[in-house]
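Inside the fold
Each chain is listed here by its residues.
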Amino acid sequence: MPDSQLTAAHNPALLHHFAEPRQQRDAASLGMWVFLGTEIMFFGGLFCTYLVYRRAYFGDWGAASKTLDVTLGATNTAVLICSSLTVVLAVWAAQTCRRKLLIGNLLATLVLGTAFLGIKGIEYKEKFEKHHVPGASFQFNNVTIPGHPDQYANPSHAEIFFALYFVMTGLHALHMIVGIGIFIWLTVMAWKGRFTPEYNTPVEMGGLYWHFVDIIWIYLFPLLYLIDRHP
Amino acid sequence: MFDNFPLWPQRASTIAGNVDALYIFLLIVSGLMTLLIFVCVVFFAAKFRHRPGVQAEPIEGSTPLELTWSIIPMGVFLVIFFWGAVVYFQERTPPHDATEVYVVAKQWMWKLEHAEGQREINELHVPVGRDVKMIMTSQDAIHSFYVPAFRIKQDVLPGRYTVAWFRATKPGTYHLFCAEYCGTQHSGMIGSVVVMEPAQYEAWMSGGSTGSLSAGGEKVFAELGCATCHRPDAQGRGPNLQGLFGKTVQLEDGRTVTADENYIRESILDPGAKVVKGFKPVMPTFQGIVSEEQLNALVAYVKSLSSARPGNAMAAGSTSTPAKASAQGSQVQ
Amino acid sequence: MVTASMPTVERENYLNKHYGVGSWLFTTDHKRIALLYLLSITFFFFIGGFFALLIRLELLTPAGDLVQADTYNKLFTMHGMVMVFFFLVPSIPAVLGNFLVPLMIGAKDLAFPKINLLSWYLYIIGGVMMLHCMLTGGVDTGWTFYVPFSTAFSNTKVVEAGLAIFVVGFSSILTGLNFVVTIHRMRAPGMTWSRLPLFIWAHYATSIIQLLGTPVIAITLVLVAAERALHLGIFDPKLGGDPLLFQHLFWFYSHPAVYIMILPSMGIVSEIIACFSRKRIFGYSFVAFSSIAIAVFGFLVWAHHMFVAGISVYAALVFSLLSYLVAVPSAVKVFNWTATMYKGSIHYDAPMLYAFGFLGLFTVGGLTGLFLAALGIDVHVTDTYFIVAHFHYIMVGGAVMGYLGGMHFWWPKISGRLYPEGWAKLAALIVFIGFNLTFFPQFILGYIGMPRRYYQYPPEFQVLNVLSTAGATILGVGYLLPMAYFLWSMRYGKPAPDNPWNAAGLEWKTASPPPTFNFDEEPVVTWEAYNYDELNRLPVKQETPVAR
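Just so you know, these numbers come straight off a predicted model, no measurement behind them.

Some details on the domain arrangement of chain B
- Each domain of chain B was delimited in the assignment, giving domain 1 (8-36 + 66-210) and domain 2 (213-332).
- Computed over C-alpha atoms, the centres of domain 1 of chain B and domain 2 of chain B are 28 Å apart.

Next comes the structure, spelled out in structure tokens:
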């Protein structure tokens, strides 16, 4: 990338109310971290609800959790971790002026994110077919509690598990969709050559957001899929 | 004070005086603090009123003063906290052998049932000087049992029992309010607590009882086939309920719980939640099969199987007879 | 005296720089956005006030004879929702905070001007959703949405109301985000943390609460809406759901929310008392750190709303003790404000009258909080009019008095005009009298046992209710007056000089109204906050506009 000596006065990306690019970048960074803090509190309410009911209905929840497809869930976890790798590579590419690599990694992130959503869709469809969607058509009869082959799970308590499953993974999926939107925009901007070693804040901030959504999933996967599984 | 313009609620329970004493203390403390601030503000505003040529004195602050007016209030607050906590403990600790009344709240009425079997709607008759404990649940939304003259209030929740107690000290009729918003007729969910002299109360009691609550519970116990598994010998598929109430129970998963009202209730509605050690989880659920009143009756019956329960319906003084008892039992709401 | 013959040249400022609806609706200037907010929250204030009027009219008589029971339940619900979420939470931060934060720290704008505009649009969208909800049937769950009533028994538009609040909550989060980043990153050279005005400290603390607390009520409302719309069962007791879980989640935000409502007002009171006592606030660092302490401890006391809800005695003890802890910083502030007046040079302009009112009313409201934190007393008075009186003393007697004082104090800066001082003093007096008459009887009503949310009541409660309603009408007049004369002043008020109060603070070093980019030159701060000892050596208050 030619001319890395752009001065503050001439940098077209500098907004008028900032004194210099560094201040702008620091503000964006702090803003994104603070925003992610609010997202932690947002998901936090759900995690709290989860903890309360898991403690109260551990056996029933173990039975419900076991009906989730752990292979698909683990695959999704791997997909997201890989996508975080491509994000890191994209940020590095932006910082070292490697436009093709940047666009390539952004696209790879998009593909992996979409794959995640696709696999989630398959899981949801399966849950629908098995009547595990809470509501009038919910059924969960005669499912034994792991480790207690003589005891059936309480369907009402299992229904609460699935309610939280859908709300938590649904909210996560919504955040993934927003993330995909952000990365489509980043790809377009990268293709237009807007990112330079001096100015790649959007890529970094988008990356932070993506990592956060990934970390949420890394908590969701064991909490939802692995409650009481035995080899 | 004036009859139609009261400025202070009546005091009709043993706890009311304690609550009022703390309240008056707080009034005095708050009054003094308000007066202090008011006097300072007015005095400073007047004395240091802007005068031409007189400058304000630049004062930074004073750490000793800051510490003083942080520590002294904190000390006063701790006193209030302790006093309030003591009163609260009294409010939330029913005496051991209180007379029990089962309360079912629903939109928008209070249904009460004495252990001896009398049922009341929106009214509670009690004798003066006796400890009364209310075991309460709701059929629908959250309600709250509030008797201002007794200074007691307790939310009434669906799905579990909550408890409140009082000992009335003055005969009279006192407001009973629902204090948790519950829908259209929330402000119509009003009743009264009628406190009577003991003799009058006995007279009231002996008219119109249809059998004690626990006798009714015994009937439900038989009708629903509970006796098949819960036998008084050790042979049944279910735990022996004799002497169970109030004891600690070892569960299959290692936990230990106390067999209180909520435990009995939960075991009927969700038997798999707490399986007793040494028993198999074969009890069916009765959710949707028993009404709240039947649940209350069953709980009262199980309590009656523990001999050290003088407040229960099996004590002498019950007017139930087998003929009358047959009319009771499977009452639906 | 004003020399009327001096020509007032209309300099270019943020108001006259561009004209046209588009220049307002697509502005990114924090000052214009502040005015957009001012219009919106005033609108909702009067809607909420209208509901209050109907409530008080119904309560004139013991029977329920003005409106039907369901209507009354909707009235108090929507009064609460509108006043809390669409007026009190945004008011000071989104109007005065938006306008003043960049000015006070010497910045050209907030860190994220476009996000600032987005936050206003979110407020409007939430507001439209709320209006639609109100006009198509309303909601009757109480602003507290308790389950299972709101999820299983109410027949009103719970989901829509919940989503409207969700949207407006997001607006609140973005405002807080903007303030935190701005205060951290955009301070002018020399503006160190210890030189910040206490208004900024107060808004910083408020923003922390907005950021950490609001998302929790957001997710709680999502759960309620999902439960209602999709029959999920998370709070359904018949499925094993726990209604108390909702209360914990709800109050985890809603208690800190009350500190969102009062902290900015405390910040304003600090500025006013310093200016009109002509000296630095006594114990500046103690007041600054008290704001932070209130924000932090405010997150630890939520279950004091649940002492009779069915929580264990031990939990109640913990929350009672912590509630006393959080009272200490507020008390410290009141003492510091009072001490500031000692050996000051006190002026009685309208902003100072509002500050006096705040001192008295916030003291009473705060002291009654001590009653409520006392477990033994709370059992008797919770869910009664004692609570209603307590929180109105703080939110109306405290927050709104501070807001009005601030509006008067900074009106010259915002509008470039002076408001009529005589009318302002009269309005302050009317508000103070009307307020006390409305709410003091409610303390008594509460202790003698009148529950909240009742539209019919036993006859012995009537006299106090009538007094309260009488006060409410007086209070209403008191609120209408500033509306009238602020509007009047925009056309006929005397043009304001840069610093009509000879006050300290960077906002007074620029024109009234300020230019779009706030300062002609970036300020470099070399003095401490509240440098009134220097300012007092200058000539008396400017009366004439300074020509440039």
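Next, the rest of the story.
Quick look at the pairing of strand β5 (residues 131-138) of chain B
Residues and elements named next belong to chain B.
- Counting buried positions over the 8 residues of β5 gives 8, a clear majority of the element.
- Both faces of β5 are covered, namely the face carrying Asp131, Lys133, Ile135 and Thr137 and the face carrying Val132, Met134, Met136 and Ser138.
- In this sheet, strand β8 (residues 162-167) lies alongside β5 in antiparallel orientation, the contact comprising 6 bridges. Within β8, the position partnered with Asp131 by the bridge is Arg167.

Regarding the interface of chain B and chain A
- Each partner contributes to the interface: chain B provides 5 residues, whereas chain A provides 4 residues.
- Here chain B meets chain A over a buried area of about 410 Å², counting both sides, of which 45% is carbon and sulfur.
- Inspection of the chain B/chain A interface yields 0 salt bridges.
- At the junction of chain B with chain A, the criterion picks out 3 residue pairs in polar contact (both at pLDDT 80 or more).
- Taken together, the residues that form the side of chain B that touches chain A break down as 2 nonpolar, 1 polar and 2 charged.

Description of the interface of chain B and chain C
- Chain B puts 83 residues into the contact, and the matching count from chain C is 95 residues.
- Buried surface at the junction of chain B and chain C, both sides included, amounts to about 7,700 Å², of which 68% is carbon and sulfur.
- Put simply, Arg160 of chain B and Asp242 of chain C hold a salt bridge, and the shortest N to O gap is 2.9 Å.
- There are 30 residue pairs in polar contact (both at pLDDT 80 or more) connecting chain B and chain C.
- Elements that contribute at least two residues to the side of chain B that touches chain C include exactly α1 (14-47), α2 (63-92), β7 (152-156) and β9 (172-178) of chain B.
- Among the elements that take part in the side of chain B that touches chain C, α2 of chain B stands out by supplying 18 residues, more than any other.

As for the packing of helix α8 (residues 243-277) of chain C against helix α13 (residues 385-415) of chain C
Residue and element names in this part refer to chain C.
- Between α8 and α13, the shortest axis-to-axis distance is 8 Å and the interhelical angle comes to 50°. As far as their axial angle goes, α13 and α8 are oblique. Of the two elements, α8 crosses α13, and the hand of that crossing is left-handed. Touching Met261, Ile262, Ser265, Ile268, Glu271, Ile272, Cys275 and Phe276 of α8 are Ile394, Met395, Gly398, Ala399, Gly402, Tyr403, Gly405, Gly406, Phe409 and Trp410, all from α13.
- Class assignment of the residues belonging to the contact of α8 with α13 gives a composition of 12 nonpolar, 5 polar and 1 charged.

Here's the deal with the sheet that holds β9 of chain B
Residues and elements named next belong to chain B.
- One open sheet accounts for 5 strands, arranged β4-β10-β9-β6-β7; its pairing is mixed. A single partner strand is all that each edge strand has here, and the edge strands are β4 (123-127) and β7. Taking the axes of each pair of neighbouring strands and ignoring which way they run, one obtains an average angle of 20° across the sheet.
- Judged from the 5 bridges that link them, strand β6 (residues 143-147) and β7 form a sheet pairing that is antiparallel. In the sheet register, His143 faces β7, and the bridge partner there is Val156.

Some words on a nonpolar patch on the surface
- Side chains of Leu35, Phe38, Val39, Val42 and Phe43 of chain B sit close together on the surface and give an oily, nonpolar patch of about 500 Å² of accessible area.
- Among the structural elements, Val42 of chain B can be located in helix α1.

A closer look at the sheet that holds β5 of chain B
Residue and element names in this part refer to chain B.
- Here 5 strands make up an open sheet; going across it, the order is β3-β2-β1-β5-β8 and the pairing mixed. With partners counted over all chains shown, the strands left at the sheet margins are β3 (119-121) and β8, one partner each. Strand-to-strand twist of the sheet, defined as the mean angle between neighbouring strand axes without regard to direction, takes the value 25°.
- Of the pairings in the sheet, the one linking strand β1 (residues 99-106) to β5 comprises 7 bridges and is parallel in character. The residue of β5 that forms the bridge with Glu100 is Lys133.

Focus on the pattern of salt bridges
- In this structure the tally under the stated criterion is 29 salt bridges over all chains.
- Between Glu223 of chain B and Lys219 of chain B there is a salt bridge; the shortest N-O distance is 3.0 Å. Separated by 4 residues within a single helix, Glu223 of chain B and Lys219 of chain B lie in helix α4 (residues 213-223), roughly one turn from each other.
- By relative accessible area, Glu223 of chain B is classed as partly exposed at 43%.
- As a salt-bridge pair, Arg195 of chain C and Glu528 of chain C come within 3.2 Å of each other at their nearest N and O atoms. Of the two residues, Arg195 of chain C sits in the loop between α6 (158-185) and α7 (198-230) while Glu528 of chain C sits in the loop between α15 (462-492) and α16 (532-535), which places them 333 residues apart along the sequence.
- According to the relative accessible area criterion, Arg195 of chain C is buried, its value standing at 18%.
- By relative accessible area, Glu528 of chain C is classed as partly exposed at 40%.
- Taken together, the salt bridges that share partners define one network made up of Arg22, Arg25, Asp26 and Glu204 of chain A.

Overview of the packing of aromatic side chains
- Applying the stated rule across the entire model yields 94 aromatic pairs over all chains.
- Aromatic side chains Trp120 of chain C and Tyr121 of chain C sit 5.1 Å apart centroid to centroid with 65° between the ring planes, which places their arrangement in the edge-to-face category.
- Classification of Trp120 of chain C by relative accessible area gives buried; the value is 8%.
- Chaining the aromatic ring pairs together yields one cluster made of Trp8 and Tyr23 of chain B together with Phe371, Phe386, Tyr393, Phe435, Phe439, Phe440, Phe443 and Tyr447 of chain C.
- A cation sits over an aromatic face here: Lys153 of chain B above Tyr146 of chain B, 3.9 Å from the ring centre.
- Directly above the ring of Tyr161 of chain B sits Arg265 of chain B, whose terminal nitrogen or CZ lies 5.0 Å from the centroid.

So, how was this worked out
Residues numbered from 1 in each chain as written. Chains lettered and ligands numbered in written order. Predicted model: local features only at pLDDT ≥ 70, side-chain atom pairs only at ≥ 80, totals over all residues. Heavy atoms only, no water. Domains from an automatic or database assignment. Buried < 20%, exposed > 50% of the residue type's maximum accessible area, 1.4 Å probe, protein only. Helix = DSSP H or I, 4+ residues; strand = E, 2+ residues; numbered from the N terminus. Pairing = 2+ DSSP bridges. Contact = heavy atoms within 4.5 Å. Buried area = accessible area lost by both parts, 1.4 Å probe. Salt bridge = Lys/Arg side-chain N within 4 Å of Asp/Glu carboxyl O. Polar contact = N/O pair within 3.5 Å; in protein donor to acceptor, adjacent residues only side chain to side chain. Nonpolar A, V, L, I, M, F, W, Y, C, P; charged D, E, K, R; others polar. Axes fitted to C-alpha atoms, helices over the stretch in contact; angles between N-to-C directions. Parallel < 35°, antiparallel > 145°, perpendicular 65-115°, else oblique. Left-handed = near helix turned anticlockwise from the far one by under 90°. Patch = residues over 30% accessible without salt bridge, like charges linked within 9 Å, V, L, I, M, F, W, Y side chains within 5 Å. Areas by Shrake-Rupley, 256 points an atom, 1.4 Å probe, with all protein chains shown as cover. Phe/Tyr/Trp six-rings, centres within 6.5 Å; stacked < 30°, edge-to-face > 60°. Lys NZ or Arg CZ within 6 Å of the ring centre and 35° of its normal.

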